[in-house]
Structures are given as structure tokens and as C-alpha cells.
Amino acid sequence: MDSMPGVSWWRRQDGSGGQFIEQTTHVVDLLRYTAGEVEEVYALYGSRIKHEQVEGVEVADVGTVTLRMASGLVANISNTCVLPEGAGLSQTGLTFYTDQGVLDWNPQRLRASRPGEQTEYLERANPYVQETEAFLHALRTGDGSRIKSNYADAFRTQAVTCAALESAATGMPVRIRYE
């Protein structure tokens, strides 16, 4: 949930693929990493505001995607780029609701809530710096063990995000084809 990036290529469908493909892909990566593979998606996207405010906007500015996981878990990921720039309203995270309680994650912390108990784990290091260091280490040494998502894994996430775009265009659920 954020404002629209100011670069022109991002506004074009053939330049970025839209917000779910270009940005929210990282949330899909994390969902797959923590909850397993996606079998089917159903997406609704809308162009509500930005196409009237900014010239050349072809991408949707709001969307929600329901994902059916191989485990039977049902997830929902929503995104928007209509928030006012510089307002500090940006949000990224995942929340898992279970019969044991709630796990709520964002890049700064993980909060575990159970009946009568709440534990919070703060991220002291910058996750973006850690991600960059792991990537540079792999480039320098050939050791990719610090990278949590390799090319094959990234391809699978790309299949999910592209299936969501197809679903939004057709109005129908799309089964994921990992081919």
C-alpha cells in the first residue's frame, strides 16, 4: 500500500506489468516461502484515481488477489498506489490468522498474539541491506546459500503474479501453470 512511483515506465502496463507484478511480487515471494505453493488465483483490479490524475497511467491503481494454496490455506493480498506521496502511509506485510492466534509481520517486526499473550520481535538490521549483501556475496563468491529465492523460485512467483493479471483481465480464476 503506497503512492505511485514517479517513473514513467512504471505507469505503462508493458513497462512494469502493473503493481502486483512489479512490487507486490515480493509479498507473493514471502507468502510462498512461509506458506507453500499457490494453486489458483482470482484477481480484481481497478483503475480508480491515478489514470485521472497522472498522464499516461495504464496500470490498475488498486487490486486484490485471492490465492488458494496447495495446503488448502486461502490467502488474500491487496495493493494500491493511490496513497498520497510523502504521507508516511506506506504499508507492507503479511498477517496469518490461525486457530492458535495471529502472526503479524512487516519489515520492522513480527508480532505473535495468542490468548493472553503477545510477543514482538523487532528487526534490528535493515532487511534491504541484508538482501543486497546476500546478492553481492553470491555474485562475488558464487555461493548463493544466503539467497532465499533463486531463479527457479522467482519463476514460480512470476507465474503466480502473471496468473493474477490474467484473472483480472478475464474475471475468472486461473490455475497456476509452473511450466
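Preceding block: the structure.
This structure is a prediction, so every number in the text was calculated from the model and none was measured.

Focus: the overall build of the chain
Right, so step 1: Along its length, the chain carries seven helices and eight strands.
Right, so step 2: Against the 2.2 N^0.38 benchmark of 16 Å for 179 residues, the chain shows a C-alpha radius of gyration of 17 Å, consistent with a compact globule.
Right, so step 3: In terms of its C-alpha atoms, the chain occupies a principal-axis envelope of roughly 45 × 45 × 40 Å.
Right, so step 4: Out of the 179 residues belonging to the chain, those deemed buried represent 30%.
Right, so step 5: A fraction of 52% describes how many contacts in the chain between residues 6 or more apart in sequence connect residues 24 or more apart.
Right, so step 6: Carbon and sulfur atoms make up 52% of the accessible area of the chain, which totals about 11,300 Å².

Comments concerning the packing of helix H4 (residues 25–35) against helix H7 (residues 151–170)
Right, so step 1: Where H4 contacts H7, the axes come no closer than 10 Å and their chain directions differ by 115 degrees. When the axes of H4 and H7 are compared, the crossing they make is right-handed. On H7, the residues that touch Thr 25, Val 28, Asp 29 and Arg 32 of H4 are Asp 153, Arg 156, Thr 157, Val 160 and Thr 161.
Right, so step 2: Here the contact of H4 with H7 is composed, by residue class, of two nonpolar, three polar and four charged.

Observations regarding helix H6 (residues 127–141)
Right, so step 1: For H6, which comprises 15 residues, the first-to-last C-alpha distance of 21 Å matches the rise-based estimate of 21 Å (1.5 Å per residue) to within 8%.
Right, so step 2: Buried within H6 we find Ala 134, His 137 and Ala 138. Looking straight down H6, one finds that the buried residues subtend no more than 100 degrees of arc, so they occupy a single side. Exposed side chains of H6 directed beyond 90 degrees from the buried face belong to Tyr 128, Leu 139 and Arg 140.
Right, so step 3: Two or three places before Tyr 128, at the opening of H6, Asn 126 has a side-chain oxygen 2.8 Å from that residue's backbone nitrogen.
Right, so step 4: Of the residues one or two after H6, Gly 142 is the one with positive phi, at around 80 degrees.

Here we look at the sheet that holds strand E4 (residues 94–97)
Right, so step 1: The four strands lie next to each other as E4-E5-E6-E7, forming an open sheet whose pairing is antiparallel. The open sheet has two edge strands, E4 and strand E7 (117–122), and neither has a second partner. The average undirected angle you get between the axes of adjacent strands in this sheet is 10 degrees.
Right, so step 2: Where strand E6 (residues 109–114) lies against E7, six bridges are found, and the strand directions are antiparallel. In the strand pairing of E7, Ala 112 is matched with Thr 119.
Right, so step 3: Each of E4 and strand E5 (102–106) touches H4; the most contacted strand, E4, lies at about 35 degrees to it.

A few points about the sheet that holds strand E2 (residues 62–69)
Sheet strands associate in pairs through backbone hydrogen bonding, adopting either a parallel or an antiparallel arrangement.
Right, so step 1: Reading across the sheet, the four strands line up as E3-E2-E1-E8 and stay open at both edges, with antiparallel pairing between neighbours. In this open sheet, the two edge strands, each paired with only one partner strand, are strand E3 (74–80) and strand E8 (174–175).
Right, so step 2: One ladder, built from seven bridges, connects E2 with E3; its direction is antiparallel. Residue pairing for E3: Val 62 is matched across the bridge by Thr 80.
Right, so step 3: Of the strands in this sheet, strand E1 (38–46), E2 and E3 are in contact with H4, which crosses E3 at around 165 degrees.

With respect to a nonpolar patch on the surface
Right, so step 1: There is a patch of nonpolar side chains on the surface, built from Phe 135, Leu 136, Leu 139 and Ile 147 and spanning about 350 Å² of accessible area.
Right, so step 2: Tracing the backbone shows Ile 147 in the loop between H6 and H7.

Conventions adopted
Residues numbered from 1 in each chain as written. Predicted model: local features only at pLDDT ≥ 70, side-chain atom pairs only at ≥ 80, totals over all residues. Heavy atoms only, no water. Helix = DSSP H or I, 4+ residues; strand = E, 2+ residues; numbered from the N terminus. Rg over C-alpha atoms; globule rule 2.2 N^0.38 Å. Buried < 20%, exposed > 50% of the residue type's maximum accessible area, 1.4 Å probe, protein only. Contact = heavy atoms within 4.5 Å. Areas by Shrake-Rupley, 256 points an atom, 1.4 Å probe, with all protein chains shown as cover. Axes fitted to C-alpha atoms, helices over the stretch in contact; angles between N-to-C directions. Left-handed = near helix turned anticlockwise from the far one by under 90°. Nonpolar A, V, L, I, M, F, W, Y, C, P; charged D, E, K, R; others polar. Expected span 1.5 Å × (residues − 1). Arc of directions from axis to C-beta. Polar contact = N/O pair within 3.5 Å; in protein donor to acceptor, adjacent residues only side chain to side chain. Pairing = 2+ DSSP bridges. Patch = residues over 30% accessible without salt bridge, like charges linked within 9 Å, V, L, I, M, F, W, Y side chains within 5 Å. Salt bridge = Lys/Arg side-chain N within 4 Å of Asp/Glu carboxyl O.

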